[in-house]
Amino acid sequence: MKDLSQLREEIDKIDREVLALLNRRAKLAQEVGEIKKREGLPFYVPGREAKILSKLEEINQGPLPAESVRAIFREIISACRALEEPTKVAYLGPKATFTHLAALKQFGSSSDLRPMDSIGEVFNEVEKGRVDYGVVPIENSIEGVVNYTIDMFFDTDLKICGEIFVPVNLHLMSKESELSQIKKVYSHRHAIAQARKWISEYLPKVDIEEVSSTSKAAELASQEPNTAAIASEAAAYLYDLSILARNIQELSRNFTRFLVIGKEDSEFPSGRDKTSIMFSTKHVAGSLFKALQPFAIYDVNLSKIESRPTKKRPWEYVFFVDIEGHRKNERVAKALKELQSNTTFFKILGSYPAGFKE
């Protein structure tokens, strides 16, 4: 049996080999970057990256779990992509919000991540070309859709080129060391709603104040005595707060879904894709049924459908729909073509690799 020093020597040797391989990969990435630059090709190709991660997950024999393999290689890809050209990404800020975590999860820490004050500002930065991509929330598994994000797609030509699922793990954090010292709790209204049961049981007499984000709540708690925040673990690290209670959200399987927006969607299928569309129909009986019927005929699954008022005429609606499959898939393409013939307004928002729920 090997002793501790022998095991450490083996680990050190492997680390040197891994480092050499990483630098070989980085040099190849630089050569790829030169070709892309010369031919005017995009540096970030979500379908390609999704295929890489899926293949690695498929051949992984452990003991590293799949989510760890994805996280490690996401950072490797991010660092190599930064050698080609750093990817500029706008996201709904501030730092340490769940949108920030989503941007890190998708693009890695080597990317140029820029916090914005609003969803509209994220869209605007991408449209103006000041950043390459944007990350915005679209829905929470408990609180439902973010209507403002859906509405922005109605008036923009931007595409959806990726999606990210982030588990909502909420913690109570403070500069104080005991729950009995807490007189006020700050957080975003969604986080407060998701932790209401825990608050009622353990902090029934404290004042609750809504603020613009969980990160802002953590910032306030770091400045004011006898206060706490409900926020992410990243916010606790950023503002040097102690976590007094972990995972105080009511449901353990609570996710927020985020979209990556850009000027182009994922042109080539990854093998595990979604397509999002918007459409309107005539305001007559059976029009929505006729519009959606092709999906049943061609066996294409709809994973989501939402309606939003167009804000142009009373009682006129636009439907936001997520479809399983890429727009270039034969069955999906046929269903979309027939759908379009039964609509008054039709728009493909993009095809993109489906996100992972970890």
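Right above here is the structure, for reference.
Procedures and definitions
Residues numbered from 1 in each chain as written. Predicted model: local features only at pLDDT ≥ 70, side-chain atom pairs only at ≥ 80, totals over all residues. Heavy atoms only, no water. Helix = DSSP H or I, 4+ residues; strand = E, 2+ residues; numbered from the N terminus. Rg over C-alpha atoms; globule rule 2.2 N^0.38 Å. Buried < 20%, exposed > 50% of the residue type's maximum accessible area, 1.4 Å probe, protein only. Contact = heavy atoms within 4.5 Å. Areas by Shrake-Rupley, 256 points an atom, 1.4 Å probe, with all protein chains shown as cover. Lys, Arg positive; Asp, Glu negative; His and termini not counted. Charge placed at Lys NZ, Arg CZ, Asp CG, Glu CD. Axes fitted to C-alpha atoms, helices over the stretch in contact; angles between N-to-C directions. Left-handed = near helix turned anticlockwise from the far one by under 90°. Nonpolar A, V, L, I, M, F, W, Y, C, P; charged D, E, K, R; others polar. Parallel < 35°, antiparallel > 145°, perpendicular 65-115°, else oblique. Pairing = 2+ DSSP bridges. Core = buried A, V, L, I, M, F, W, Y, C linked by side-chain atoms within 4.5 Å. Patch = residues over 30% accessible without salt bridge, like charges linked within 9 Å, V, L, I, M, F, W, Y side chains within 5 Å. Salt bridge = Lys/Arg side-chain N within 4 Å of Asp/Glu carboxyl O.

Student: Explain the overall build of the protein chain to me, please; I cannot follow it from the model alone.
Tutor: Along its length, the protein chain carries twelve helices and 15 strands. For the protein chain, whose C-alpha radius of gyration is 23 Å, the value lies close to the compact-globule estimate of 21 Å for 358 residues. In terms of overall dimensions, the protein chain has a C-alpha envelope of 70 × 60 × 40 Å along the principal axes. When burial is assessed residue by residue, the protein chain has 45% of its 358 residues classed as buried. Residue pairs at least 24 apart in sequence account for 76% of intrachain contacts in the protein chain once pairs closer than 6 positions are excluded. Taken as a whole, the protein chain presents about 19100 Å² of accessible surface, with 51% of it coming from carbon and sulfur. For the protein chain, the distance from the average site of its 51 positive side-chain charges to the average site of its 51 negative ones is 4 Å.

Student: What is the right way to read the packing of helix H5 (residues 119-127) against helix H6 (residues 147-154) from this model?
Tutor: Where H5 meets H6, the closest approach of the two axes is 10 Å, and the angle between their N-to-C directions is 35 degrees. Relative to H6, the crossing made by H5 is right-handed. Two secondary-structure elements touch here, H5 through Ile-119, Gly-120 and Phe-123 and H6 through Tyr-148, Thr-149, Met-152 and Phe-153. A per-class count over the contact of H5 with H6 returns five nonpolar, two polar and no charged.

Student: Looking at this structure, how should I read the packing of helix H11 (residues 287-297) against helix H12 (residues 330-340)?
Tutor: Each packed pair of helices is defined by two parameters, the angle between the axes and the distance between the axes. Relative orientation of the contacting elements H11 and H12 amounts to 165 degrees, with a least axis distance of 8 Å. Accordingly, the angle class assigned to the pair H11 and H12 is roughly antiparallel. In this structure, H11 meets H12 at a crossing whose hand is right-handed. Where H11 approaches H12, its residues Ala-291, Pro-294 and Phe-295 are matched on the opposing element by Ala-335, Leu-336, Glu-338 and Leu-339. Residue composition of the contact of H11 with H12, by class: six nonpolar, no polar and one charged.

Student: Which parts of the structure should I look at to understand the sheet that holds strand S12 (residues 273-280)?
Tutor: Within a sheet, adjacent strands bond to each other through the backbone by hydrogen bonds, running parallel or antiparallel. Overall, antiparallel pairing links the four strands, which are arranged S13-S14-S12-S15 in an open sheet. Looking at which strands have only one partner, the edges of the open sheet turn out to be strand S13 (302-309) and strand S15 (345-353). Geometrically, the sheet is characterised by an average inter-axis angle of 15 degrees between neighbouring strands, direction not taken into account. With seven bridges joining them, S13 and strand S14 (residues 317-324) adopt antiparallel strand pairing. Residue Lys-304 lies in a different strand from S14, and its bridge partner there is Asp-322. Strands S12, S14 and S15 of the sheet are contacted by H12, whose axis makes an angle of about 160 degrees with S15.

Student: Would you mind showing me how to read the nonpolar core here?
Tutor: As a rule of thumb, soluble globular proteins bury nonpolar side chains together. If you look at the biggest cluster of nonpolar residues, it comprises 30 residues, and the most contacted ones within it are Val-135, Leu-172, Val-185, Leu-203, Ile-230 and Ile-248. Among the secondary structure elements, those contributing two or more residues to this core are strand S1 (88-92), helix H4 (98-107), strand S3 (133-140), strand S5 (159-167), helix H8 (196-202), strand S9 (227-231) and strand S11 (255-262). The element best represented in this core is H4, accounting for four residues. For Leu-172, the contacting residues outside a window of four places in its chain are Leu-179, Val-185, Trp-198, Leu-203, Ala-228, Ala-229, Ile-230, Ser-242, Ile-243, Leu-244, Ala-245 and Ile-248. If you look at the next biggest cluster of nonpolar residues, it comprises 23 residues, including Leu-92, Ile-150, Ile-160 and Leu-259.

Student: I'm lost on a negative patch on the surface in this one. Help?
Tutor: On the surface, a cluster of negative charge is made up of Asp-3, Glu-9, Asp-12 and Asp-15. Relative to the elements of secondary structure, Asp-3 occurs in the segment before helix H1 (4-39).

Student: Would you take a moment to explain unusual backbone geometry for this structure?
Tutor: Most peptide bonds are trans, and most residues other than glycine sit at a negative phi. Cis geometry marks the peptide bond from Gly-62 to Pro-63, where omega comes out at 10 degrees. Secondary-structure assignment places Pro-63 in the loop between helix H2 (46-59) and helix H3 (66-84). For the bond from Gly-93 to Pro-94, the omega torsion is 5 degrees, close enough to zero to count as cis. The backbone of Asn-247 sits at a positive phi, close to 50 degrees, despite the residue not being glycine. Using a relative accessible area of 43% as the deciding quantity, one classes Asn-247 as partly exposed. Positive phi, normally seen in glycine, also occurs at Asp-299, with a value near 55 degrees. You can see Asp-299 is positioned in the loop between H11 and S13. You can call Asp-299 exposed: its relative accessible area is 62%.

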